[in-house]
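# Structural characterization, general
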Amino acid sequence: MRVGVVGLGAMGAGIAQLAVEAGLETVGREVELERAEAARGTIAHFLARKVEQGRLEQQARDDAVGRLGITTDLADLADCDVVIEAAFEDLDVKRELFRELEQVVRADAILATNTSALSVTEIASALERPERAVGMHFFNPAPLMPLVEIVRAERTADDVFETAFALGSTLGKTPIRCSDTPGFVVNRVLIPLLNDCVRVLDETGVTPEDLDAGMKHGAGWPMGPCALLDLVGADVHVHASEALYAKLREPRMAPPPRLVRMLAAGKLGRKTGEGFYRYD
Ligand code: 3HC
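Along each chain, residue indices are assigned from 1 in the same order as the chain's sequence is written. Only residues with pLDDT of at least 70 are given local features in this predicted model, and only at 80 or more are side-chain atom pairs given and counted; all residues enter the totals for whole chains, interfaces and linings. Derived side-chain values reflect all non-hydrogen atoms in the structure, with water molecules and hydrogen atoms excluded from consideration.

## Topic: helix α7 (residues 186–204)
The end-to-end C-alpha separation of α7 is 26 Å, in line with the 27 Å expected for 19 residues at 1.5 Å each. Throughout, exposure labels follow a simple rule: accessible area from a 1.4 Å probe, protein chains only, divided by the maximum for the residue type, with under 20% read as buried, over 50% as exposed, and the rest as partly exposed. Each helix corresponds to a stretch of at least 4 residues labelled H or I by DSSP, and each strand to a stretch of at least 2 residues labelled E; elements are numbered beginning at the N terminus. The complete set of buried residues in α7 reads N187, I191, P192, L194, N195, C197, V198 and L201. Buried-residue contacts for α7 involve β6 (133–138), α8 (208–219), α9 (225–232), α10 (234–248) and α11 (257–264). Immediately downstream of α7, the backbone of G205 shows phi near 70°, a positive value. What a helix should span is 1.5 Å times the count of its residues minus one. In what follows, a contact means two residues having at least one pair of non-hydrogen atoms within 4.5 Å.

## As for the nonpolar core
Note on terminology: a nonpolar core comprises buried Ala, Val, Leu, Ile, Met, Phe, Trp, Tyr and Cys residues joined through side-chain atoms within 4.5 Å. Counting residues in each nonpolar core, the largest one holds 37 residues, and the members touching the most others are I84, V134, M136, F138 and I150. Considering every element that reaches this core, the biggest residue donor is helix α1 (residues 10–21), with 7 residues. Residues within four places of M136 in sequence aside, it is in contact with I84, A112, T113, N114, V148, E149, I150, A164, L167 and G168. Formed by 23 residues, the second largest nonpolar core is a distinct cluster that contains A109, A124, L127 and M253.

## Let's talk about the packing of aromatic side chains
In summary, the pairing rule links any two rings of Phe, Tyr or Trp, Trp by its six-membered ring, whose centres are within 6.5 Å, and it sorts them by plane angle into stacked for under 30 degrees, edge-to-face for over 60 and tilted for everything else. Counted according to the given criterion, the structure contains 0 aromatic pairs. Cation over ring: R152 sits above F161, and NZ or CZ is 4.3 Å from the ring centre. Both a distance and an angle decide whether a charge sits over a ring: NZ of Lys or CZ of Arg must be within 6 Å of the ring centre and within 35 degrees of the ring normal.

## Let's talk about the domain arrangement of the chain
The domain boundaries assigned to the chain delineate domain 1 (2–179) and domain 2 (187–270). Each of domain 1 and domain 2 has a C-alpha centre, and these two points are 26 Å apart. Domain 1 puts 9 residues into the contact, and the matching count from domain 2 is 7 residues. Defined here as a combined quantity, buried area equals the accessible surface (1.4 Å probe) lost by two parts on assembly, summed across both. Each partner contributes to the roughly 690 Å² buried at the junction of domain 1 and domain 2, and carbon and sulfur atoms together form 59% of this total. Broken down residue by residue, the surface that domain 1 buries against domain 2 is led by S116, A117 and N140, which jointly contribute 53%. Should a side-chain nitrogen of Lys or Arg be within 4 Å of a carboxyl oxygen of Asp or Glu, the pair is scored as a salt bridge. With a shortest N-O distance of 2.6 Å, E122 and K247 are connected by a salt bridge. For this analysis, a polar contact is any N or O atom pair within 3.5 Å, provided that within protein one partner can donate a hydrogen and the other can accept it, and provided that sequence-adjacent residues contribute only side-chain to side-chain pairs. Summed over the shared surface of domain 1 and domain 2, the result is 2 residue pairs in polar contact (both at pLDDT 80 or more). Polar here means any residue outside two lists: the nonpolar Ala, Val, Leu, Ile, Met, Phe, Trp, Tyr, Cys and Pro, and the charged Asp, Glu, Lys and Arg; Gly therefore counts as polar. The class makeup of the residues in the side of domain 1 that touches domain 2 is 4 nonpolar, 4 polar and 1 charged. Throughout the structure description, domain borders are defined by an automatic or database domain assignment.

## Structural notes on the side chain of D180
Position of D180 among the secondary structure elements: in the loop between β8 (174–179) and α7. A residue counts as positive if it is Lys or Arg and as negative if it is Asp or Glu; His and the chain ends are not included. K247 is the oppositely charged side chain nearest to the buried, salt-bridge-free D180, at an N-O distance of 8.1 Å. Only 3.3 Å separates the side chain of D180 from the side chain of S119, close enough to count as a polar contact. A distance of 2.6 Å separates the side chain of D180 from the side chain of T121, its partner in a polar contact. In contact with D180, other than residues within four places in its own chain, are L118, S119, V120, T121, V151, R152 and A153.

So, in structure tokens, the structure goes:
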């Protein structure tokens, strides 16, 4: 199987890493070659760390890196069996990409979207053949988080859904079957929960450090909510919250003002060096 990944940001690069580690020939597409090269560098780095930690053979690492092609041209995805779109979370951007991809790929190719909170059905409806579209929603950081949500849109064909489900397993993930409801399963739960956590900061006057320690040591979370929001990015989280609020109209879904202010100030978290915490 040959896999295409469109968009090599944190999620796309992580998905491409999974694909090459699983032995699949993979083509990653970015709008600028420098960004694609940076993503390949990140993947090569994480695979080298695995060798240093004794979790991967040097030859297997070199072979995996060798399986990753990069390009700026969507036409280079022509031979892919499955293309996973991991571009910016904007409905129009994703619909346009799907439209362009459909002109390029084979008639039997599957188009998957990694959207976290948009409707897969709305993205798929840009296609002449929406049956070929499916959601494959990975979690950040994709190489480390075991889950992938396989999302059946209104018109997803059964064989397309099952192929995406099987691909999730091939990539080493635990796939679950989801309907195309807002936020699917995990974000439907996690986004309002993280919004609650941010509101608690303001209501209780607790510090981010103490809130994080509370949820780690009192609720068993692997990382605290503020550290998690810094990992996900205020931009990604606020967009996802807005998308859920637009569909569900539940006040807990709306992004808390504190996060909206952080977004406006460019305090996005790890990616800009400052969020709830500072990063060097
Ligand atoms: N890509 C690839 N490899 C990575 C990586 C990445 N982004 N980050 C770390 N690694 C590798 C590194 O090589 C690292 O080893 P090194 O530090 O010695 O080089 C190795 O993985 C282990 O990393 P950590 O020691 O940091 O791993 P931890 O055991 O501390 O676990 C964690 C890290 C898995 C992130 C854990 O803290 C966790 O589960 N956190 C919760 C994350 C979570 O909830 N994510 C979901 C976010 S919501 C979402 O994604 C939905 C979306 O729609 C918004």
